[in-house]
Amino acid sequence: MNEIEKTRPKMMSRKEHISTLIILGALLALIPSSAAWAYIDPGTGSYMLQILLAFFLGALFALKMFWKNVKSFLGHLFSRRKKQATDDR
Amino acid sequence: MTGERRVPGSFRDPSGFLFYREEALYRQINRCYQDNYDLLNTCGLYAELVNAGLLIPHREVDIFPADPASAYRVIAPEPVRFISYPYEWCFSQLRDAALTTLRIQQIALDHGMSLKDASAYNIQFHRARPVLIDTLSFEKYAEGRPWIGYQQFCRHFLAPLALMSRTDVRLGGLLRNHLDGIPLDLAARLLPARTKLSFPLLTHIHLHAKSQKKYEGRTVKPAAGKVSRLAMRGLIDNLNHAIKALRWEAEGTEWAEYYEDTNYTPEGFRHKQRLVAEFIAASSPQTVWDLGGNIGIFSRIAAENHIFTVCFDVDPAAVEKNYRQCRTQQRDNLLPLLCDLTNPSPGAGWNTSERAGLIERGPADTVLALALIHHLAISHNVPLAGIAEFLARLGRWVIIEFVPKDDSQVRRLLATREDIFGDYTQDIFEQVFSRTYEIIRSEMIRESKRTLYLLHAKKSGET
């Protein structure tokens, strides 16, 4: 069953309809389901945007964390070498 | 006030509600929230947030619940001295509240929980810091579930801050009309086109508004999508950057530069400060409201004497300067707020009681009305009797400065308009205010034409 239900008929061009179905189909095929019930309405448009956006932002965040760790590791390494060189002197 | 009553704004979330009993504030936690409340305590999130000053502390109390049929626990949260609303905050107050919300969400995720809402009304300024006051805002984090508060965060925080920063700071006032935050399509229309070049504003506001329009009238089933924990962290991190990138500098307005353009001599100004200190001490208040308090110079006289003080001003730049100074000085008993005294915050929201009006949040013990009366009487045509009546609703003690017509500031106000203010004299001021108040002290301020009065409201029936 299609995960998106129309509650109000809306005119949509054939091209728009196909592209929407492709995007959503791709998304839904990739994304496992999880329950979401809340006392506030998350809003359908907000919900869909968040899913798309978070995917990219998550990847960027992973890169950021990786780079932070590399910098921290290198910083630690150089400071140790520097300390060792100072101690050797 | 005696007996018991529910807090009018506490009804949306079925997890519990706030109520007053014999003047003390309690929060009932309902059984449907039991698992999340227990998790909040056992996972260490409550302790970490309270220790970091991010969540209001509470103690569990053994009292009869307000609604025993649904009750799990009753807690007594630490009282907040003055409840303020986002439409009364300056730019930095709203920005700090936004960053606090995101920091709480980051810490909650570390403990396997998540904020289930992101309402700006859940944040209050307590001991000079923004804190979350809704203990029931947390739920167990379900792996893959998107952040339910995302839309609310964008409407309550990001959209108004973007508008204040990139369009006009006065647009923060839209929050008074839109209690559930500024609609994103409206924000997108009001923001300059160049904000589309900013990735966070492009996505979280412009594309967000378009996405809302695209899916308008459709529902998404709970199974529609997944946001991994990493993706959620990426989203929160990006929102954090978006908020931090928004800035506004408080400069150049008439009022923010007010003290650089007064007609007091240094001796006159020192004398006024001394008199205000004496009059405040004579009224021995626990709370002071400083009306038209500008950047809070006279508010600080009260605050430095350990009196909780709220400083109201109409100018966003003056409130901003005051707030930043309070933050730097860690002044924990002075709260600067925006308020147009000719149009103070009314009761708003459901049944006009969800958000209390200014007067309902009083009275204060002592009200300061310094260099204010001429603006109300002459700039805004408010009759002296109307001013006396208004002040009497705000506090029993009033410290008021009468500024006569031959004062240079009043002459400036009258320079471009007809003088229709025949009743604006010191004699008539005293006659009118004597109907409501007893004049306890009055002193001319040295090297000025102004007089400072200490007034105490008469008991009703006493004339």
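Everything numeric here is computed off the predicted structure, so don't read it as measured data.

Q: Got a sec to walk through the overall build of chain A? Specific residues and values, please.
A: When helices and strands are tallied, chain A shows two helices and one strand. Listing each helix as α and each strand as β along chain A from the N terminus yields β-α-α. Per-residue burial for chain A yields a buried fraction of 18% across its 89 residues.

Q: An account of the overall build of chain B is requested, with residue identities and associated values reported.
A: Helix and strand counts for chain B come out as 15 helices and 17 strands. Relative to the compact-globule value of 23 Å for 463 residues, chain B shows a C-alpha radius of gyration of 24 Å, a close match. Each principal axis of the C-alpha atoms in chain B carries an extent, and together these give about 75 × 55 × 40 Å. Residues classed as buried in chain B amount to 46% of the 463 residues present.

Q: Describe the confidence of the model for chain B, and please don't skip the residues or the numbers.
A: When pLDDT is averaged along chain B, the result is 94, and 95% of the positions lie at 70 or above. Overall fold confidence (pTM) sits at 0.89, and the ipTM for the predicted complex is 0.81.

Q: Give me the sheet that holds strand β13 (residues 334-338) of chain B: which residues, what numbers.
A: Residues and elements named next belong to chain B. The strand order across the open sheet built from seven strands is β13-β12-β11-β14-β15-β17-β16, with neighbouring strands paired in mixed fashion. At either end of the open sheet lies a strand with only one pairing partner, and these are β13 and β16 (437-444). The mean inter-strand angle of the sheet, taken between neighbouring strand axes irrespective of direction, is 15°. Pairing geometry for strand β14 (residues 364-369) and strand β15 (residues 395-402), over five bridges, is parallel. If you follow valine 367 over to β15, its bridge partner there is valine 398. Sheet contacts for helix α9 (residues 266-283): β11 (287-291), β14, β15, β16 and β17 (451-457); angle to β17, the most-contacted strand, approximately 10°.

Q: Can you tell me about the pairing of β15(B), naming the residues and giving the values?
A: Residue and element names in this part refer to chain B. Judged by how many residues are buried, β15 sits mostly within the fold: seven of eight residues are covered. Here β15 runs beside β17; their pairing, made up of six bridges, is antiparallel. For valine 398, the partnering residue across the bridge sits in β17 and is leucine 455.

Q: Tell me about the environment of Pro346(B), and name the residues and values.
A: Tracing the chain through its elements places Pro346(B) in the loop between β13 and β14. Among the residues examined, Pro346(B) registers 13 C-beta atoms within 10 Å and is labelled partly exposed.

Q: I'd like to hear about the pairing of strand β7 (residues 123-126) of chain B, residue by residue, with values.
A: Consecutive side chains of a regular strand alternate in pointing toward one face of the sheet and then the other. All names here are of chain B. Going residue by residue along β7, you find Ile123 and Phe125 tucked away on one face and Gln124 and His126 tucked away on the opposite face as well. Both β7 and strand β8 (residues 129-132) contribute to a ladder of four bridges, which runs antiparallel. Pairing of isoleucine 123 across the sheet is with leucine 132, part of β8. Adjacent in sequence and paired antiparallel, β7 and β8 are bridged by two residues, among which arginine 127 carries a positive phi angle near 50°.

Q: Run through the sheet that holds strand β3 (residues 24-30) of chain B, naming residues and quoting values.
A: Residue and element names in this part refer to chain B. What the five strands build is an open sheet, ordered β1-β2-β3-β5-β4; its pairing is antiparallel. The sheet is open, and its two borders are formed by β1 (4-6) and β4 (58-61), each paired with just one other strand. Going across the sheet, the axis of each strand differs from the next one's by a mean of 35°, ignoring polarity. Judged from the four bridges that link them, β3 and strand β5 (residues 71-77) form a sheet pairing that is antiparallel.

Q: Lay out the nonpolar core in plain terms, naming residues and giving numbers.
A: Residues and elements named next belong to chain B. Of all hydrophobic cores here, the largest spans 133 residues; its most connected members are Leu158, Ala162, Ile205, Val367 and Ala369. Ranked by residue count, the leading element in this core is helix α4 (residues 150-166), at ten residues. If you count residues domain by domain, this core takes at least three from each of domain 1 (86-244) and domain 2 (258-457).

Q: Which residues make up the environment of Lys83(A), and what values do they have?
A: Here Lys83(A) is to be found in helix α2 (residues 44-88). Residue classification places Lys83(A) among the exposed residues on the basis of 10 C-beta atoms within 10 Å.

Q: Outline the domain arrangement of chain B, supporting the account with residue identities and numerical values.
A: All names here are of chain B. With domains assigned, chain B is organised as domain 1 (86-244) and domain 2 (258-457). When each unit is reduced to the centre of its C-alpha atoms, the spacing between domain 1 and domain 2 is 36 Å. Across the contact, twelve residues belong to domain 1 and 19 residues belong to domain 2. Sorting elements by how many residues they give to the side of domain 1 that touches domain 2 places helix α3 (residues 91-110) first, with three residues. Split into classes, the residues belonging to the side of domain 1 that touches domain 2 amount to seven nonpolar, two polar and three charged.

Q: Outline the confidence of the model for chain A, listing residues and values.
A: The predicted structure's coordinates, where accompanied by low pLDDT, should not be read in detail. Residue and element names in this part refer to chain A. In the predicted model, chain A carries a mean pLDDT of 67, and the fraction of residues at 70 or more is 54%. Confidence, expressed as mean pLDDT per element, reaches its minimum in chain A at strand β1 (residues 4-6) with 39 and its maximum at α2 with 86. Here residues 1-12 is modelled with pLDDT under 50, and outside its nearest four sequence neighbours on either side it reaches 17 contacts, counting other chains as well. Counting interchain partners and residues more than four positions distant, the pLDDT-below-50 stretch residues 17-36 has 21 contacts.

Q: Please provide a residue-by-residue account of the packing of α4(B) against helix α8 (residues 229-244) of chain B, values included.
A: All names here are of chain B. Taken N-terminus to C-terminus, the directions of α4 and α8 make an angle of 30°; their axes are 9 Å apart at the nearest point. Put simply, α4 runs roughly parallel to α8. The two elements α4 and α8 meet at a crossing, and its hand is left-handed. The residues of α8 that touch α4, namely those facing Phe153, Phe157, Leu158 and Leu161, are Leu239, Ala242 and Ile243.

Q: Please provide a residue-by-residue account of unusual backbone geometry, values included.
A: Residue and element names in this part refer to chain B. The peptide bond linking glycine 362 to proline 363 adopts the cis configuration, its omega dihedral lying at -5°. Its location among the elements puts proline 363 in the loop between β13 and β14. At glutamate 22, a residue that is not glycine, the phi angle is positive and equals roughly 50°. With respect to the secondary-structure elements, glutamate 22 resides in the loop between β2 (16-21) and β3. A positive phi angle is found at glutamate 23, which is not glycine, with a value near 70°. Among the secondary structure elements, glutamate 23 is positioned in the loop between β2 and β3.

Conventions and cut-offs
- Residues numbered from 1 in each chain as written.
- Chains lettered and ligands numbered in written order.
- Predicted model: local features only at pLDDT ≥ 70, side-chain atom pairs only at ≥ 80, totals over all residues.
- Helix = DSSP H or I, 4+ residues; strand = E, 2+ residues; numbered from the N terminus.
- Buried ≥ 20, exposed ≤ 12 C-beta atoms within 10 Å, placed from the backbone.
- Rg over C-alpha atoms; globule rule 2.2 N^0.38 Å.
- pLDDT = per-residue confidence, 0-100.
- Pairing = 2+ DSSP bridges.
- Axes fitted to C-alpha atoms, helices over the stretch in contact; angles between N-to-C directions.
- Contact = placed C-beta atoms within 7 Å.
- Core = buried A, V, L, I, M, F, W, Y, C linked by C-beta atoms within 7 Å.
- Domains from an automatic or database assignment.
- Nonpolar A, V, L, I, M, F, W, Y, C, P; charged D, E, K, R; others polar.
- Parallel < 35°, antiparallel > 145°, perpendicular 65-115°, else oblique.
- Left-handed = near helix turned anticlockwise from the far one by under 90°.

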